[in-house]
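# Descriptive analysis of the structure
In case you want the letters, here they are:
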Amino acid sequence: MNKTDFLERCGAEYKRSLNHNYLVIRKPEKADEDYQYSMAVQNDIGGLLPMEERISEGREYIYYEISSMQPLGRIYEHKELDSVTLETAIRGILRACRETEDYMIDFSRLVMDPVCIFMSLDDGSIKLMFSPEEKTENGSLVTVAEFFLERISRTDAQAALMAYRFYQTVRKDNYVISDIERVLDECRREGRDTLEEDYQTTVRNTDRIPTGLIGQTVVPVRSIEQDRMKNSSSITYDDFISENSIQQGRESVNIEQENTVKNGDEKKGLPLWVPAVMATGALAALAGIIPGVGGSKSAKLAAAAILIIAIGIAVKGIISGIRNKKNENPVVKEASPEKSIERFVPGKNNPEKKDMIRNEPMDFNKFFSDMPERPMPINEADAGKTIFVEPDSDGIRNVLVDRKRGKEYEIDHFPFTIGKLQGTADLILNDRSVSRLHAGLFEENGHVYLQDYNSTNGTFINGVQLLGEERAMLSAEDEVGIGKVCLEYR
């Protein structure tokens, strides 16, 4: 997460004072002559970050209170947004904007950038940053809409639709807050209608559900072609895969049922007691036990033939019985686990997409049409070659070791967030001195850096405390302090 042009221009820096954290910028020379600036500083406006003026070394500064808060750009930077999370964030921004209207704060004076929009980690409320500059383009929500578009979940069609319509609305010249609220209401209503339609479709098709699936939980999937005709923007790659998978499952169930019926209709062989009776009668005839039978040579030959036929029928029946028993208990091979597929995020995997969304006109289907390319086949001639890889000279394994607790935490990706906020932090440290989003690890040019996230109790490297948002390089065996938790980087 980098500073915006606005923060760079204002010389922004982060400061910590006891248990308070501040975002500090230089105060413009003629700010006191600005009516809106005076209203923002002198009043406690619910939708704005609290502001106060301070003088340091003969220069005036503006201090924005950001304690227990984090910018949206950090919270959602590496997170896929579903429809619920997206709607909550957008409505929080709109609610903050509404609260500023009562104080005659112009929308253009609000810094609408994910780096400058803060969310409380206590109650999830949104706070906006008031700009002391009079002539700015801060009030545009396009940057926020683009940020959301690049991070929506590819498996949530409603989130994609909501993000795109939000983006379309804020690109208009004369939109108002009620326009965005109406778009959110429409997306939510369409989502409820879709669920109701799914339920009705399931009820209507219950009599067509394969016998083997009755009594089980059945996920209704509408025809892809019908969905495309009704609303082409609601179809995702994952929906298409799910539809085909379920259809294939249904076909396999039907085939299995057909085979079962066919096998059941096949004529069963003669029971074993039939050849047993035939063999007994033939033996009796040959032995002369039955009166009047078996005396002549032709009778004995006939009895011997019957005996041979009976033995053949018995052997065939035994073999058929063994085969049928095997078919009743077939050996089923376990399906191989799915290979993980890297999700495509518009703008992240393909930087050109980020430029495309700024150009008119925009095609929603084209925007979400890119899919991960299939891996190139391996050349068999090179498959057996082994390449020598030199070991790291410093022997770094990218792990954090907690010697006190006897634990080792692997850093398997970057950025890597440390804190105690479940669902957001990558490494959860359940300690009272650790902030919810405390610090982060980054990789640049082959080196690993530790950055403080304006934590309450500080982030340390070998006992030296980092300033708010300061980033410093780590070396092997450095001692990392996360509040009162001591870790060793290896």
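### Regarding the environment of Y167
- Take Y167: it is sitting in helix 6 (residues 157–170).
- Expressed as a C-alpha distance, the spacing of Y167 and A145, which sit 22 residues apart in the sequence, is 5.1 Å.
- Here R171 takes part through its side chain, which lies 3.1 Å from a polar atom of the side chain of Y167.

### Things to note about helix 6
- With 14 residues, helix 6 should reach 20 Å at 1.5 Å per residue; the first-to-last C-alpha distance of 20 Å fits that figure.
- Burial runs high along helix 6: 11 of the 14 residues are buried.
- Among the residues of helix 6, A157, A159, A160, L161, M162, A163, Y164, F166, Y167, T169 and V170 are the ones counted as buried.
- Two or three places before Q158, at the start of helix 6, stands the capping residue D156, its side-chain oxygen 3.2 Å from that residue's backbone nitrogen.

### Let's talk about the packing of helix 4 (residues 83–101) against helix 6
- One way to put it is that helix 4 packs onto helix 6 with a least axis distance of 8 Å and a crossing angle of 30°. Relative to helix 6, the element helix 4 lies roughly parallel. Residues S83, L86, E87 and I90 of helix 4 pack against Q158, A159, M162, A163 and F166 of helix 6.
- For the contact of helix 4 with helix 6, the class distribution of residues is 6 nonpolar, 2 polar and 1 charged.

### Quick notes on helix 2 (residues 35–42)
- Among all positions in helix 2, only Q36, Y37, M39 and A40 are buried. Down the axis of helix 2, the smallest arc covering the buried residues is 160°, so these residues share one side.
- Where helix 2 is buried, its residues contact strand 3 (51–56) and strand 4 (59–65).
- At the N-terminal boundary of helix 2, the capping side chain belongs to D34, with an oxygen 3.2 Å from the backbone nitrogen of Q36.

### Observations concerning a nonpolar patch on the surface
- The grouping of I311, V315 and I319 at the surface amounts to a nonpolar patch, some 240 Å² of accessible area in total.
- Residue position: I311 is located in helix 11 (residues 297–328).

### Observations regarding the packing of aromatic side chains
- Following the criterion strictly, the structure yields 3 aromatic pairs and no others.
- Ring geometry for Y22 against Y63: centres 5.4 Å apart, planes inclined by 70°, an arrangement best described as edge-to-face. One end of the pair, Y22, is in strand 2 (residues 20–26); the other, Y63, is in strand 4, with 41 residues separating them in the sequence. The pair formed by Y22 and Y63 is uniform in burial state, with each residue classed as buried.
- Through a chain of ring-to-ring contacts, the aromatic side chains of F147, F148 and F166 assemble into a single cluster.
- For the cation-ring pair, R74 lies above Y453, with the distance from its terminal atom to the ring centre recorded as 3.7 Å.
- Over the aromatic face of F442 sits the side chain of R471, whose NZ or CZ is 4.0 Å from the ring centroid.

### With respect to the confidence of the model for the protein
- Of all residues in the protein, 61% have pLDDT values of 70 or greater, and the mean over the chain is 74.
- Across the protein, the secondary-structure element scoring lowest on mean pLDDT is helix 8 (residues 224–230), at 40, and the one scoring highest is strand 7 (residues 126–127), at 96.
- Here residues 206–267 is a poorly scored stretch, pLDDT under 50, and it has 44 contacts once near neighbours within four places are set aside; other chains count.

### Some thoughts on the pattern of salt bridges
- Tallying each qualifying case throughout the model produces 24 salt bridges.
- Note that D185 is salt-bridged to R91, the shortest N-O span being 2.7 Å. Residue D185 is found in helix 7 (residues 177–204), and its partner R91 is found in helix 4; the two are separated by 94 residues along the sequence.
- One salt bridge in this structure joins R490 and E488, with 3.3 Å as the shortest N-O distance.
- The class of R490 is partly exposed, set by a relative accessible area of 31%.
- Taken together, the shared-partner salt bridges connect K27, D32, E53 and E60 into one network.

Rules and cut-offs
- Residues numbered from 1 in each chain as written.
- Predicted model: local features only at pLDDT ≥ 70, side-chain atom pairs only at ≥ 80, totals over all residues.
- Heavy atoms only, no water.
- Helix = DSSP H or I, 4+ residues; strand = E, 2+ residues; numbered from the N terminus.
- Polar contact = N/O pair within 3.5 Å; in protein donor to acceptor, adjacent residues only side chain to side chain.
- Expected span 1.5 Å × (residues − 1).
- Buried < 20%, exposed > 50% of the residue type's maximum accessible area, 1.4 Å probe, protein only.
- Axes fitted to C-alpha atoms, helices over the stretch in contact; angles between N-to-C directions.
- Parallel < 35°, antiparallel > 145°, perpendicular 65-115°, else oblique.
- Contact = heavy atoms within 4.5 Å.
- Nonpolar A, V, L, I, M, F, W, Y, C, P; charged D, E, K, R; others polar.
- Arc of directions from axis to C-beta.
- Patch = residues over 30% accessible without salt bridge, like charges linked within 9 Å, V, L, I, M, F, W, Y side chains within 5 Å.
- Areas by Shrake-Rupley, 256 points an atom, 1.4 Å probe, with all protein chains shown as cover.
- Salt bridge = Lys/Arg side-chain N within 4 Å of Asp/Glu carboxyl O.
- Phe/Tyr/Trp six-rings, centres within 6.5 Å; stacked < 30°, edge-to-face > 60°.
- Lys NZ or Arg CZ within 6 Å of the ring centre and 35° of its normal.
- pLDDT = per-residue confidence, 0-100.

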